[in-house]
Amino acid sequence: MQSIGRVDSEGTGRDGLPVPFDRNKIFPYAFRHSYAQRHADANIPIDVLKELMDHKSADTPGRYYKVSLRRKQEAVKTMRLHVVDRHGNPAPMASNKAYEMRSVAVPFGGCVEPSNVKAGGQACPIRFQCAGCGFYRPDPSYLAAIEDQIRDLKTDKETALAMGTAEYVVRNLQDQIDSFKKVSANMHEQIAELPEAERQELMESVKVLRKSRAALGRILPLTVIKHGESSA
Ligand code: SF4
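Just so it is clear, the model here is predicted, and its values are computed rather than measured. (Residues numbered from 1 in each chain as written. Predicted model: local features only at pLDDT ≥ 70, side-chain atom pairs only at ≥ 80, totals over all residues. Heavy atoms only, no water.)

A. Spotlight on the overall build of the chain. On a plain count of helices and strands, the chain comes out with eight helices and five strands. Moving toward the C terminus, one meets the helices and strands of the chain in the order β-β-α-α-α-α-β-β-α-β-α-α-α. Taking the contacts inside the chain whose residues are at least 6 apart along the sequence as the reference set, 59% of them involve residues at least 24 apart. When the accessible surface of the chain is summed, it comes to about 14,000 Å², and 56% of that surface belongs to carbon and sulfur atoms. (Helix = DSSP H or I, 4+ residues; strand = E, 2+ residues; numbered from the N terminus. Contact = heavy atoms within 4.5 Å. Areas by Shrake-Rupley, 256 points an atom, 1.4 Å probe, with all protein chains shown as cover.)

See the structure below:
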């Protein structure tokens, strides 16, 4: 383990970059525990995890599911206070229920448009033009996705320019870029103003909710050590 130069945690610091993982927390049993918790977070059926872990009773893997649900509830409780509108202005959700039941995850944030919520996020009436939509409710757990989208839109804009598309195509892309950039900048500002303990709590909630959404098929990460980063 000492031969590995650096291990990133899944949380990020004020600069948006991953913070180092405490290597003292890496020991053989931690791999087994992490393996089980990741399966529980990914909603793998408890009897499957029981088999995978070679447990005799479902009570033992059951602990991981309780932790998983509790962590998610705590994360929602924190995150609902940091929801913003499409301009990046605070738009906190009144309760955990409102965050979970009256909004649905779409690629770059929450959506509170009732028919889309009812359809589980699969029925946006305007083809996911979230940046310009009054029903858009992003929060910091979508910040990475928003910033990826800004990069993609910039690439699309360059392509559109090179293709000589109609001016309104380029303008639409630029307007989306500007709108997402404003949301991102406001969120970063609001996060930077938080006291350290609250910021840490928020970042932990970001991690839990991203993991939870990933489990529903919307990606995201394990820490990756790139080939060649070892100092051995
Ligand atoms: S464009 Fe509006 S209605 Fe459609 S998913 Fe985005 S926020 Fe919801």
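B. Representation of the packing of helix H6 (residues 143-163) against helix H7 (residues 167-192) in the model. Where H6 meets H7, the axes come as close as 9 Å, and the angle between the chain directions of the two elements is 155 degrees. Judged on the interaxial angle alone, H7 and H6 are roughly antiparallel. Regarding H6 and H7, the two cross each other, and that crossing is left-handed. Tallied by class, residues from the contact of H6 with H7 come to 14 nonpolar, five polar and five charged. (Axes fitted to C-alpha atoms, helices over the stretch in contact; angles between N-to-C directions. Parallel < 35°, antiparallel > 145°, perpendicular 65-115°, else oblique. Left-handed = near helix turned anticlockwise from the far one by under 90°. Nonpolar A, V, L, I, M, F, W, Y, C, P; charged D, E, K, R; others polar.)

C. Just the packing of aromatic side chains, in detail. A full pass over the atoms with the stated rule returns two aromatic pairs. Taking 5.6 Å as the distance between ring centres and 75 degrees as the angle between the ring planes, the aromatic pair formed by phenylalanine 108 and phenylalanine 180 counts as edge-to-face. Highlighted residues: phenylalanine 108 in the loop between strand S3 (104-106) and strand S4 (109-111) and phenylalanine 180 in helix H7, separated in sequence by 72 residues. With respect to class, phenylalanine 108 is no different from phenylalanine 180; both count as buried. An aromatic cluster of three or more residues is present, and its members are Phe108, Tyr136 and Phe180. (Phe/Tyr/Trp six-rings, centres within 6.5 Å; stacked < 30°, edge-to-face > 60°. Buried < 20%, exposed > 50% of the residue type's maximum accessible area, 1.4 Å probe, protein only.)

D. Molecular detail of the site of the ligand. Contacts to the ligand come from 13 residues, most closely from Cys111, Cys124, Gln129, Cys130 and Cys133. When its residues are assigned to classes, the shell around the ligand shows ten nonpolar, two polar and one charged. (Near = heavy atom within 4 Å.)

E. A nonpolar patch on the surface, seen in detail. Nonpolar side chains collect at one region of the surface, where Tyr35, Val48 and Leu52 lie side by side and expose about 250 Å² of accessible area between them. With respect to the helices and strands, valine 48 occurs in helix H2 (residues 46-53). Of the residues examined, valine 48 reaches a relative accessible area of 37% and is grouped as partly exposed. (Patch = residues over 30% accessible without salt bridge, like charges linked within 9 Å, V, L, I, M, F, W, Y side chains within 5 Å. Salt bridge = Lys/Arg side-chain N within 4 Å of Asp/Glu carboxyl O.)

F. Looking closely at the sheet that holds S4. What the three strands build is an open sheet, ordered S3-S4-S5; its pairing is antiparallel. Of all strands in the sheet, those with a lone pairing partner are S3 and strand S5 (136-137), marking the two edges. Note: S3 against S4, three bridges, orientation antiparallel. From the neighbouring strand, valine 106 faces S4, where its bridge partner is glycine 109. (Pairing = 2+ DSSP bridges.)

G. Structural context of the packing of helix H1 (residues 28-41) against H2. Between H1 and H2, the least distance of the axes is 10 Å, while the angle of their chain directions is 160 degrees. With respect to their mutual orientation, H1 and H2 come out roughly antiparallel. Once H1 is placed against H2, the crossing between them reads as right-handed. Facing H1, whose interface residues are Arg32, Tyr35, Ala36 and His39, H2 presents Leu49, Leu52 and Met53. For the contact of H1 with H2, a count of residues per class yields five nonpolar, one polar and one charged.

H. Just H6, in detail. Taking 1.5 Å per residue as the helical rise, H6 with its 21 residues ought to reach 30 Å, and the 30 Å between its terminal C-alpha atoms agrees with that figure. Those residues of H6 that fall on the buried side of the exposure criterion are Leu143, Ile146, Gln149, Ile150, Leu153, Lys157 and Ala160. Looking down the long axis of H6, one finds its buried residues gathered within 105 degrees of arc, a one-sided arrangement. Among the exposed residues of H6, those oriented more than 90 degrees off its buried face are Ala162 and Met163. Glycine 164, located one to two residues past H6, shows a positive phi value of around 65 degrees. (Expected span 1.5 Å × (residues − 1). Arc of directions from axis to C-beta.)

Remember, this is a structural readout, not a statement about activity or role.
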